[in-house]
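Observations on chain architecture
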Amino acid sequence: LKAELQLDRLKPRLSRRVLLLQGHQSSWQNELVVTPGTPPQCQNLTAYLRDEAEFKDKLSPVALSVALALPRKASGLVLYGDTLVQAQVGGHDCGRDILTVTRGGLIP
């Protein structure tokens, strides 16, 4: 599966308020290998809010999205479930988990 995470996706790239700790980027892409009969995979990414002095918009929520897609070479497979999950994080204490992704699956 191709997975893509976008942080603060409603803002222009140079104005994004949330960045990933590794690489200091506002997006992440990776290919996830899914094998039938194996436990679900987890990918933990740490993000941080830039210093408030670096941006003007301190009131609007931060929009996050996770998208899943099959690679082009995946003939005969169908992706079902939520392939795009979006969430907003407001200016309150969200705790450690700010995004929950629902399960998807493959049908051969």
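As a reminder, the structure under discussion sits directly above these lines.
Rules behind the numbers
- Residues numbered from 1 in each chain as written.
- Predicted model: local features only at pLDDT ≥ 70, side-chain atom pairs only at ≥ 80, totals over all residues.
- Heavy atoms only, no water.
- Helix = DSSP H or I, 4+ residues; strand = E, 2+ residues; numbered from the N terminus.
- Buried < 20%, exposed > 50% of the residue type's maximum accessible area, 1.4 Å probe, protein only.
- Contact = heavy atoms within 4.5 Å.
- Areas by Shrake-Rupley, 256 points an atom, 1.4 Å probe, with all protein chains shown as cover.
- Core = buried A, V, L, I, M, F, W, Y, C linked by side-chain atoms within 4.5 Å.
- Salt bridge = Lys/Arg side-chain N within 4 Å of Asp/Glu carboxyl O.

**A short note on the overall build of the protein chain**
- Secondary structure summary: the protein chain contains zero helices and eight strands in total.
- Listing every helix and strand of the protein chain by position from the N terminus yields β-β-β-β-β-β-β-β.
- For the protein chain, buried positions account for 24% of its 108 residues.
- Long-range contacts, defined as pairs at least 24 residues apart, comprise 63% of the intrachain contacts of the protein chain with a sequence gap of at least 6.
- Taken as a whole, the protein chain presents about 8,100 Å² of accessible surface, with 53% of it coming from carbon and sulfur.

**A closer look at the nonpolar core**
- With ten residues, the main nonpolar core is built from A3, L5, L7, V18, L20, W28, V62, L64, V66 and L68.
- Of all the secondary structure elements, the ones that give two or more residues to this core are β1 (2-7), β2 (18-20) and β5 (62-69).
- Counting residues per element, this core draws most heavily on β5, at four residues.
- With residues up to four places along the chain from it excluded, the contact list for L7 reads R16, V18, L19, L20, S26, A47, A63 and L64.

**Structural notes on the environment of D82**
- On the secondary structure map, D82 appears in the loop between β6 (78-81) and β7 (84-89).
- Along the sequence, D82 and L68 sit 14 residues apart, while their C-alpha atoms lie 8.3 Å from each other.

**Some thoughts on the pattern of salt bridges**
- The final tally for this structure, using the stated rule, is two salt bridges.
- For R17, the salt bridge identified is with D8, shortest N-O distance 2.7 Å. Pair check on accessibility: R17 and D8 agree, each one buried.
- Among the salt bridges present, the one from E54 reaches R50, with a minimum N-O distance of 3.2 Å.

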